[in-house]
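Summary of structural features
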Amino acid sequence: EGTEAAVRYLYELGHRKIGMINGRLNTYSGRQRNKAYLETLYQCGLEVEPAFILNGGFIRETARQEVANLLAGGTWPTAFLSANDEMALGAQEALKEHGLKVPADISLIGFDDTPAAAQMTPALTSVRLPIYDMSRTAAETVVNLCEKEGSGFQSFAFPSLLIERDSCHTL
């Protein structure tokens, strides 16, 4: 839901070349965010550009290096969606190192809406998750499992919210 909202937001701003900085694809959230990114591009009628899909591994320095490598090749998207805010910070560092500015040259959206997102310059547009509700549900699930009231793997959906700040612009 959050990934779809972010991609559609960029699309509505006029972006047609939207890159993704993925987290680890061996995690549930990494796979789900990547899947939603690809599906939303398709729904918007946009082409998937494999070179614009980077593997940041949910790690700031890895994302910085991935973005730097892409920029060194001389072609890049008009916007990036990052699977977490930490990687968005790394992306912004790489963009700055290559003389590019957020959002004037490339729009940037993070995920998780960590406190750092609002403190960045420019402030990072980010997808907010209800961390308190997620933590409470996880704790309750563990207690239920320990008390034999639950069984096996469970998946829960929580509503997300796109927090619009200053890191995106209209094309």
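Coordinates for the structure precede this section.
Residues numbered from 1 in each chain as written. Predicted model: local features only at pLDDT ≥ 70, side-chain atom pairs only at ≥ 80, totals over all residues. Heavy atoms only, no water.

This part covers the sheet that holds strand β1 (residues 18-22). Either a parallel or an antiparallel arrangement is found when strands of a sheet pair, and the pairing is made through backbone hydrogen bonds. Pairing is mixed across the open sheet formed by 6 strands, whose spatial order is β2-β1-β3-β4-β5-β6. Two strands close off the open sheet at either side, each with one partner strand: β2 (53-55) and β6 (161-163). Across the sheet, the mean angle from the axis of one strand to that of its neighbour is 20 degrees, orientation sign disregarded. In this structure, β1 lies alongside β2, joined through 3 bridges in parallel fashion. (Pairing = 2+ DSSP bridges. Helix = DSSP H or I, 4+ residues; strand = E, 2+ residues; numbered from the N terminus. Axes fitted to C-alpha atoms, helices over the stretch in contact; angles between N-to-C directions.)

Once that is clear, we can look at the nonpolar core. I18, I21, V67, F80, L95, L108 and I109 are the most contacted members of the largest nonpolar core, which totals 43 residues. Counting only elements with at least two residues in this core, the list comes to α1 (2-12), β1, α2 (28-43), α3 (60-72), β3 (79-82), α4 (85-97) and β4 (107-112). Counting residues per element, this core draws most heavily on α4, which supplies 6 residues. If near-sequence neighbours (up to four positions away) are discounted, L95 is found in contact with V67, L71, L100, V102 and I106. (Core = buried A, V, L, I, M, F, W, Y, C linked by side-chain atoms within 4.5 Å. Buried < 20%, exposed > 50% of the residue type's maximum accessible area, 1.4 Å probe, protein only. Contact = heavy atoms within 4.5 Å.)

Enumeration according to the criterion identifies 9 salt bridges in this entry. One salt bridge connects R136 with E140, and the closest N-O pair in it is separated by 3.7 Å. Separated by 4 residues within a single helix, R136 and E140 lie in helix α6 (residues 131-146), roughly one turn from each other. Residues joined by salt bridges that share partners form a network here, namely R60, E86 and E93. (Salt bridge = Lys/Arg side-chain N within 4 Å of Asp/Glu carboxyl O.)

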